Amino acid sequence: MSQPALRPLDVVVALQLALRPEDKYEALAGTLGIVVSAAHRAVTRLEAARLVLPHRRAAARGSLIDFIVHGVPYSFYAVIGPEAPGVPTAYSAPPLAAEIESDRPLVWPSVQGAMRGDTLEPLYPGAASLAGRDPALYEVLTLVDAMRVGRARERRIAAELLDERIPRGGG
């Protein structure tokens, strides 16, 4: 028997459930562009990790934020690649772009992207399409990327913005 482990997609599923705990598996899968069974398996792993409340499909808010701030940068460390077109993320995307200046933009690689920059491998393949499909999820996912790549100041600001954007009351 192998040790169960979270997957990068699970973080995205948890964020979606934090933003919309009422989403059924079909809606969750549709928003993320994954199959329903993948959404169900992600929620099962998140429940086992105590990041989603059992039988409610609502994020355990405090635990999730704690994991994003202290666990995600180590579990799903950043892989920076060569310059390419893409969709802005981390400190290059709203809301951090207004707070932090950088001469080296950071993007999720995408041929539809309007910005050129160093590439960051996203937590899941469909991340680049979120900017147009689900702006709230896009914003919190870019803040998670800031936790993955940022320096202390950037991580502190990203953690504060995550705390503001993830609704209270889920768990």
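Preceding block: the structure.
Residues numbered from 1 in each chain as written. Predicted model: local features only at pLDDT ≥ 70, side-chain atom pairs only at ≥ 80, totals over all residues. Heavy atoms only, no water.

Counting residues in hydrophobic clusters, the biggest one holds 55 residues, and the most contacted among them are Val-13 and Leu-15. Of all the secondary structure elements, the ones that give two or more residues to this core are α1 (8-19), α2 (25-32), α3 (36-48), α4 (61-70), β4 (106-109), α7 (135-149) and α8 (152-165). Take this core: its biggest share by element is 9 residues, from α1. Setting aside its immediate chain neighbours within four residues, Leu-15 contacts Leu-64, Ile-68, Leu-137, Val-140, Leu-141, Val-144 and Ile-166. (Core = buried A, V, L, I, M, F, W, Y, C linked by side-chain atoms within 4.5 Å. Buried < 20%, exposed > 50% of the residue type's maximum accessible area, 1.4 Å probe, protein only. Helix = DSSP H or I, 4+ residues; strand = E, 2+ residues; numbered from the N terminus. Contact = heavy atoms within 4.5 Å.)

Attention shifts here to the packing of α1 against α2. Packing of α1 against α2 brings their axes to within 11 Å, and their N-to-C directions diverge by 120°. Relative to α2, α1 is oriented oblique. The two elements α1 and α2 meet at a crossing, and its hand is right-handed. Residues Val-12, Val-13, Gln-16 and Leu-17 of α1 form the contact with α2, whose participating residues are Leu-28, Thr-31 and Leu-32. Broken down by class, the residue content of the contact of α1 with α2 amounts to 5 nonpolar, 2 polar and no charged. (Axes fitted to C-alpha atoms, helices over the stretch in contact; angles between N-to-C directions. Parallel < 35°, antiparallel > 145°, perpendicular 65-115°, else oblique. Left-handed = near helix turned anticlockwise from the far one by under 90°. Nonpolar A, V, L, I, M, F, W, Y, C, P; charged D, E, K, R; others polar.)

Our next topic: the packing of aromatic side chains. All told, the structure shown has 1 aromatic pair when counted by the stated rule. Ring plane angle 75° and centroid distance 5.7 Å describe the contact between Trp-108 and Tyr-138, whose orientation is recorded as edge-to-face. Of this pair, Trp-108 sits in strand β4 while Tyr-138 sits in helix α7, and the two are 30 residues apart along the sequence. The exposure classification of Trp-108 matches that of Tyr-138, with both residues buried. The lysine or arginine in question, Arg-57, covers the ring of Tyr-25, its NZ or CZ lying 4.5 Å from the ring centre. (Phe/Tyr/Trp six-rings, centres within 6.5 Å; stacked < 30°, edge-to-face > 60°. Lys NZ or Arg CZ within 6 Å of the ring centre and 35° of its normal.)

On to the pairing of β4. In this sheet, β4 lies alongside strand β3 (residues 80-88) in antiparallel orientation, the contact comprising 3 bridges. If you follow Pro-88 over to β4, its bridge partner there is Val-107. As paired elements, β4 and strand β5 (residues 115-120) share 2 bridges and run parallel to each other. Counterpart to Leu-106 in the pairing with β5 is Asp-118. (Pairing = 2+ DSSP bridges.)

Moving on, we get to α4. Here α4 has its buried residues at Arg-61, Leu-64, Ile-65, Phe-67 and Ile-68. Buried residues of α4 fall within an arc of 160° about the axis and therefore sit on the same side. Along its buried surface, α4 packs onto α1, β2 (58-59), α5 (72-75), α7 and α8. (Arc of directions from axis to C-beta.)

Another aspect to go through is unusual backbone geometry. With an omega dihedral of 5°, the bond running from Pro-94 to Pro-95 counts as a cis peptide bond. As for its placement among the helices and strands, Pro-95 is situated in the loop between β3 and β4. The phi torsion at Arg-57 lies on the positive side, around 55°, for a residue other than glycine. Relative to the elements of secondary structure, Arg-57 occurs in the loop between β1 (52-53) and β2.

All right, on to the environment of Gly-81 then. Its location among the elements puts Gly-81 in strand β3. For Gly-81, a relative accessible area of 23% puts it in the partly exposed group. In the structure, Gly-81 is positioned 70 residues away from Arg-151 in sequence and 18 Å away in space, judged by C-alpha atoms. Not counting residues within four places of it along the chain, the set of residues in contact with Gly-81 comprises Asp-118 and Thr-119.

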